[in-house]
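Remarks on the overall topology
Now for the letters of each chain:
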Amino acid sequence: MSIRSATAPSQKTLRLTLGVALVLVVCAVFAQSRGFEFLQFDDHTYVAKNPDVASGLTARSVGWAFTTGRAANWHPLTWLSHMVDVELFGMWAGGHHLVNVAIHASTTLLLFVFLLGVVANPWMAASLAALWAVHPLRCESVAWVAERKDVLSAFWTLATLFIYAEFARRGRRPRSAALYGV
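Now for a look at the structure at hand. (Residues numbered from 1 in each chain as written. Predicted model: local features only at pLDDT ≥ 70, side-chain atom pairs only at ≥ 80, totals over all residues. Heavy atoms only, no water.)

Turning next to the overall build of the chain. Per the secondary structure count, the chain includes 10 helices and 0 strands. Overall, the chain shows an N-to-C arrangement of helices and strands of α-α-α-α-α-α-α-α-α-α. Buried positions account for 40% of the 182 residues belonging to the chain. Expressed as a percentage of contacts within the chain between residues at least 6 apart in sequence, the contacts between residues at least 24 apart total 64%. Only carbon and sulfur atoms are counted for the fraction: they give 67% of the accessible area of the chain, which is about 10200 Å². (Helix = DSSP H or I, 4+ residues; strand = E, 2+ residues; numbered from the N terminus. Buried < 20%, exposed > 50% of the residue type's maximum accessible area, 1.4 Å probe, protein only. Contact = heavy atoms within 4.5 Å. Areas by Shrake-Rupley, 256 points an atom, 1.4 Å probe, with all protein chains shown as cover.)

Below is the structure:
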């Protein structure tokens, strides 16, 4: 056995380490948003001064989420996620911001895993995922509560790509039912 093989990390360890590093990068860049308030732009329309969202998850608010066109959008998942934030954090804007950070970190990991299958080089996959994670276009989406729709869209898009890639590779559904929302 050579010295190099004895000291080189396994591929699994390397991938895990790179995945943890990606989450730490996202947290280092975006965790400061926990100290941010709601922005005067759409955050008040979406959350802070929206009585339907501010009431949290109720039968009436869930029904509203699926039938409203408020803010010129129909996005019930976004409304429901804001309602869950209200249930968890009340009107503490920092909690709402941290949920965006968590979704973005999860999306970054999904991108990393997807890229591992595409480029097969862990360092390249991690580099590409890191560039995407801290790109200035992501800053607005992560640090602005009303842009929850964008971080959710990115998450579900990558989850869908991951599921399709697994299906194409195996010819059957991935083993993880969690990706199907089951």
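Attention now goes to helix 6 (residues 76-89). Spanning 14 residues, helix 6 covers 20 Å between terminal C-alpha atoms, matching the ideal 20 Å at 1.5 Å per step. Burial in helix 6 covers these residues: Pro-76, Thr-78, Trp-79, Leu-80, Ser-81, His-82, Met-83, Asp-85 and Val-86. Summarising the contacts, the buried residues of helix 6 are in contact with helix 3 (43-48), helix 4 (51-54), helix 5 (59-67), helix 7 (93-119) and helix 10 (148-170). (Expected span 1.5 Å × (residues − 1).)

Time to look at the packing of helix 7 against helix 9 (residues 136-143). Look at helix 7 against helix 9: their axes get within 8 Å of each other, and the N-to-C directions meet at 135 degrees. Looking at the two axes, helix 7 sits oblique to helix 9. Of helix 9, the residues touching helix 7 (which contributes His-97, Asn-100, Val-101 and His-104) are Arg-138, Ser-141, Val-142 and Ala-143. Partitioned by chemical class, the residues of the contact of helix 7 with helix 9 number 3 nonpolar, 4 polar and 1 charged. (Axes fitted to C-alpha atoms, helices over the stretch in contact; angles between N-to-C directions. Parallel < 35°, antiparallel > 145°, perpendicular 65-115°, else oblique. Nonpolar A, V, L, I, M, F, W, Y, C, P; charged D, E, K, R; others polar.)

Pairs may arise between side chains of opposite charge once their charged atoms sit close together. One pass over the structure, following the stated rule, counts 4 salt bridges. The partner of Asp-150 in a salt bridge is Arg-138, with the nearest N and O atoms 2.6 Å apart. Separated by 12 residues along the polypeptide, Asp-150 in helix 10 and Arg-138 in helix 9 bring together distant segments of the chain. Using a relative accessible area of 24% as the deciding quantity, one classes Asp-150 as partly exposed. Assessed through its relative accessible area of 15%, Arg-138 is described here as buried. Measuring nitrogen to oxygen at the nearest pair gives 3.4 Å for the salt bridge that ties Glu-147 to Lys-149. (Salt bridge = Lys/Arg side-chain N within 4 Å of Asp/Glu carboxyl O.)

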